[in-house]
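What the coordinates show
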Amino acid sequence: MSLPAQQLQFDDALLDDYSATVADAVDRIGPAVCRIERIGGAGGQGSGFVITPDGLVVTNFHVVGDARSVRVTMPDGVSREGRVLGRDPDTDIALVRADGSFADIAPLGDSKRLRRGQIAIAIGNPLGFEWTVTSGVVSALGRSMRASTGRLIDDVIQTDAALNPGNSGGPLVSSAGEVIGVNTAMIHGAQGIAFAVASNTANFVISEIIRFGRVRRAFIGVSADTTNLPRRAALLSQVSSSTAVRLRSVEANSPAARAGLKEGDIIAAIDGRPVTGVDDLVRLLDAERIGRETLCTVVRRSGIAQVTVMPEARPDN
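The rules behind these values
Residues numbered from 1 in each chain as written. Predicted model: local features only at pLDDT ≥ 70, side-chain atom pairs only at ≥ 80, totals over all residues. Heavy atoms only, no water. Helix = DSSP H or I, 4+ residues; strand = E, 2+ residues; numbered from the N terminus. Buried < 20%, exposed > 50% of the residue type's maximum accessible area, 1.4 Å probe, protein only. Areas by Shrake-Rupley, 256 points an atom, 1.4 Å probe, with all protein chains shown as cover. Phe/Tyr/Trp six-rings, centres within 6.5 Å; stacked < 30°, edge-to-face > 60°. Lys NZ or Arg CZ within 6 Å of the ring centre and 35° of its normal. Core = buried A, V, L, I, M, F, W, Y, C linked by side-chain atoms within 4.5 Å. Contact = heavy atoms within 4.5 Å. Pairing = 2+ DSSP bridges. Axes fitted to C-alpha atoms, helices over the stretch in contact; angles between N-to-C directions. Polar contact = N/O pair within 3.5 Å; in protein donor to acceptor, adjacent residues only side chain to side chain. Salt bridge = Lys/Arg side-chain N within 4 Å of Asp/Glu carboxyl O. Expected span 1.5 Å × (residues − 1).

As a further point, take the overall build of the protein chain. On a plain count of helices and strands, the protein chain comes out with six helices and 20 strands. Within the protein chain, the proportion of its 317 residues that are buried is 50%. By element, 49% of the accessible surface of the protein chain is carried by carbon and sulfur atoms, the whole surface being about 15000 Å².

Right under this line is the structure:
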């Protein structure tokens with residue numbers, strides 16, 4: 001049975017609106033997306049995007065590898081040499097300074113405002129096909145995935161926007177035309193499961209590289225996901241947040257394990273500061289907490305516990 005003409009017109013209008021939304025976001029961010037090729041060293045080629053007019057470019061660590069210099073090519077065909085300012089294997093993020101000035105930039109947005117189901121648009125250079133666009137939705141938030149170093153990258157966005165080799169380092173963009181993540185990987189053998197490092201985590205890494213040339217971290221030995229915090233638990237733990245982080249795993253003989261933290265524990269606050277998501281956990285465990293007693297407010301089935309952890313310096317790769 002055929003659909004009524006009115007329903008068909010409505011469906012066509014919805015498709016037109018969706019297409020216009022995606023196209024507008026691409027028009028806004030696309031001109032700032034570049035192709036990156038390493039110059040010497042072990043690495044590969046992929047994508048990146050310009051975040052400042054003076055040529056700061058974000059990409060993946062595995063794209064630049066150990067190369068000191070890269071070739072940055074913009075959509076207009078102009079190529080520039082770029083110097084790798086710093087890299088963070090633990091989040092698969094690298095920062096490059098490209099020569100010259102740039103009129104088109106793609107600043108990082110606020111990934112904490114993301115919701116599952118909203119439009120996600122990937123822009124990059126997959127399989128040698130330059131400046132390709134794919135779209136899908138945000139499938140999940142606060143995921144963890146294993147980096148090339150073997151450590152877990154926290155605060156990862158899962159999406160079904162198709163990614164292929166060469167997309168790595170390109171932006172994941174919201175329907176509002178904001179960069180919400182840095183595309184980093186796909187699961188081989190799976191059907192359309194792809195990942196991006198959340199923009200808030202990328203922002204933290206970039207700030208550390210600009211200030212110190214590397215990312216300084218405290219280490220407690222956990223992996224975690226963002227989770228809802230029941231209102232009663234929030235009241236008992238004296239935090240105003242509706243979300244927190246649930247520990248997925250605790251490494252044996254780590255500072256967290258020695259302090260008594262366990263898989264399934266929910267960390268609602270660190271030293272009285274709310275931990276509303278995995279990005280907060282990453283940000284709060286900075287170098288200033290190394291060797292310093294750190295009080296974690298933990299929600300358990302048995303009630304609220306105050307657990308003191310002594311973070312260590314992040315071990316070298």
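As enumerated under the stated definition, the model contains zero aromatic pairs in all. Over the aromatic face of Phe102 sits the side chain of Arg80, whose NZ or CZ is 4.3 Å from the ring centroid.

Judged by nonpolar contacts, the single largest core of 66 residues is most densely connected at Phe49, Val58, Ile121, Leu261, Ile267 and Leu281. With residues up to four places along the chain from it excluded, the contact list for Leu281 reads Val222, Ala224, Val245, Ile270 and Val275. Formed by twelve residues, the second largest nonpolar core is a distinct cluster that contains Ile157, Ala161, Ile180 and Ala196.

Looking now at unusual backbone geometry. Residues apart from glycine generally show negative phi values, whereas peptide bonds are mostly found in trans. At Asp92, a position not held by glycine, the phi torsion is positive, near 60°. The phi dihedral of Asp271 falls on the positive side, at around 50°, and the residue is not glycine. Locating Asp271 in the fold gives a position in the loop between β16 (266–270) and β17 (273–274).

Another aspect to go through is the environment of Cys34. Position of Cys34 relative to the elements: it lies in strand β1 (residues 33–39). Separated by 135 residues in sequence, Cys34 and Gly169 place their C-alpha atoms 9.4 Å apart. In this structure Cys34 touches Gly46, Ser47, Gly48, Phe49, Val57, Val72, Thr73, Met74, Asn125 and Trp131, once residues within four positions along its chain are discounted.

Sheet architecture is closed into a barrel: six strands sit in the order β1-β2-β3-β6-β5-β4, paired in antiparallel fashion. Going from strand to strand, the sheet's axes swing by 40° on average, the running direction of each strand aside. Pairing geometry for strand β4 (residues 69–73) and strand β5 (residues 79–88), over five bridges, is antiparallel. Note on β5: the bridge partner recorded for Val72 is Arg80. Lying on the sheet, helix α3 (residues 199–212) is in contact with β3 (56–59), β5 and β6 (93–98); it crosses β6 at an angle near 55°.

What follows deals with the side chain of Asp265. Tracing the backbone through its elements, the reader meets Asp265 in the loop between α5 (255–259) and β16. A distance of 2.8 Å separates a polar side-chain atom of Asp265 from the backbone nitrogen of Lys262.

It is worth spelling out the environment of Arg300 at this point. As for its placement among the helices and strands, Arg300 is situated in strand β18 (residues 294–300). Residues Arg300 and Ile266, spaced 34 residues apart in sequence, show a C-alpha to C-alpha distance of 6.7 Å. The contacts of Arg300, once residues within four sequence positions are left out, are Gly260, Leu261, Asp265, Ala305 and Val307. Of the polar contacts made by the side chain of Arg300, one reaches the side chain of Asp265; its length is 2.9 Å.

So, on to the pattern of salt bridges. Within this structure, the stated rule accounts for 14 salt bridges. When the shortest N-O distance is used, the salt bridge between Glu288 and Arg216 registers 3.7 Å. Within this pair, whereas Glu288 is found in the loop between α6 (278–284) and β18, its partner Arg216 is found in the loop between α3 and β13 (218–219), the two being separated by 72 residues in sequence. Across the pair Asp280 and Arg283 runs a salt bridge, and its minimum N-O distance is 2.8 Å. One end of the pair is Asp280 and the other is Arg283, both in helix α6 and three residues apart, which spans about a single turn. Its relative accessible area of 6% is what places Asp280 among the buried residues. The class of Arg283 is partly exposed, set by a relative accessible area of 35%.

Here we come to α3. The end-to-end C-alpha distance of α3 is 20 Å, a good match for the 20 Å that 14 residues give at a rise of 1.5 Å each. Inspection of α3 places Ser199, Asn200, Thr201, Ala202, Phe204, Val205, Ile206, Glu208 and Ile209 among the buried residues, and these make up the whole buried set. The first or second residue beyond α3 is Gly213, which carries a positive phi of 80°.

The next subject is the pairing of β4. Note that β1 and β4 share five bridges and pair antiparallel. By the bridge assignment, Glu37 is partnered in β4 with Arg71.

Assignment of secondary structure puts Thr91 in the loop between β5 and β6. Of the residues examined, Thr91 reaches a relative accessible area of 6% and is grouped as buried. Among the polar contacts listed, one links the side chain of Thr91 to the side chain of Asp88, at a separation of 2.6 Å. Excluding residues that lie within four positions of it along the chain, Thr91 makes contacts with Ile153, Val197, Thr201, Val205 and Arg217.

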